[in-house]
Amino acid sequence: NPKVRAYCEEFPRIDEYVHGKRLRHVFSFWVDYGEGPAELIEVVARRSLVLNAAGDLEPERWSDKTEWATQNGFCCRYLVKGTGELKNAVLIENWAQILPHVQRGLARPNSELAQWILGAVRSREAHTLADLPRIFPAEDPQSLHEVLFVLLHAGRVRIDLTREPLNPALRLEAVHDA
């Protein structure tokens, strides 16, 4: 999601009393979209869901977790493994690796290198991630990744992150402006 500005796994850690009972919990993800409250996401296995007072399935102590989140300025939701947004664990893992590069790239933009990389991808000189250090040998590989992943995040290039883990052989494709 290009709106994500910051992301952290296994955060925050809760060890507080809610409704007189101790709540010890760690959310799966903390996501900051840059506007509005950050979101806490809990990833649960279907078998760990329990019936609430209304007869609906939800994570154990979900009402306590959502109350804690609201009191602390967060919104929250849960995702069930193997459904919806979590069908593709490879995609999630790849973005978990890419987001730190995006954050660093956004913190120190390099528009000149971005144009060079975009030109190489558009001209098909750069077919894969591994081509970039060959085409730009004077550039730091870390900087190449940061700029490329900012371009990916901005929707200027495509990389299919759904099929295999992040690796140098992943193919690059330019997104053509309409």
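Everything here concerns the structure above.
Residues numbered from 1 in each chain as written. Predicted model: local features only at pLDDT ≥ 70, side-chain atom pairs only at ≥ 80, totals over all residues. Heavy atoms only, no water.

**Q** Can you walk me through the side chain of threonine 128 in this structure?
**A** Turning to its location among the elements, threonine 128 is positioned in the loop between α3 (111-122) and α4 (131-135). Relative accessible area serves as the criterion here: at 13%, threonine 128 is assigned to the buried category. Residues contacting threonine 128, with those up to four places away along its chain left out, are Pro168, Ala169, Leu170, Arg171 and Leu172. (Helix = DSSP H or I, 4+ residues; strand = E, 2+ residues; numbered from the N terminus. Buried < 20%, exposed > 50% of the residue type's maximum accessible area, 1.4 Å probe, protein only. Contact = heavy atoms within 4.5 Å.)

**Q** Would you take a moment to explain the environment of arginine 22 for this structure?
**A** Summarising the element assignment, arginine 22 is placed in strand β3 (residues 21-26). For the pair arginine 22 and aspartate 64, spaced 42 residues apart in the sequence, the C-alpha separation amounts to 10.0 Å. Not counting residues within four places of it along the chain, the set of residues in contact with arginine 22 comprises Asp15, Glu16, Tyr17 and Arg61.

**Q** What should I look at first to understand the sheet that holds strand β4 (residues 29-32) in this one?
**A** Pairing between the strands of a sheet is mediated by backbone hydrogen bonds and can be parallel or antiparallel. Spatial strand order, β1-β4-β5-β8: 4 strands in an open sheet with mixed pairing. Edge positions in the sheet fall to β1 (6-9) and β8 (75-80), since each of these pairs with one other strand and no more. Across the sheet, the axes of successive neighbouring strands diverge by a mean angle of 20°, strand direction being ignored. As judged from the 4 bridges shared by β1 and β4, these two strands associate in the antiparallel manner. Considered in β4, the bridge of cysteine 8 is made with tryptophan 30. (Pairing = 2+ DSSP bridges. Axes fitted to C-alpha atoms, helices over the stretch in contact; angles between N-to-C directions.)

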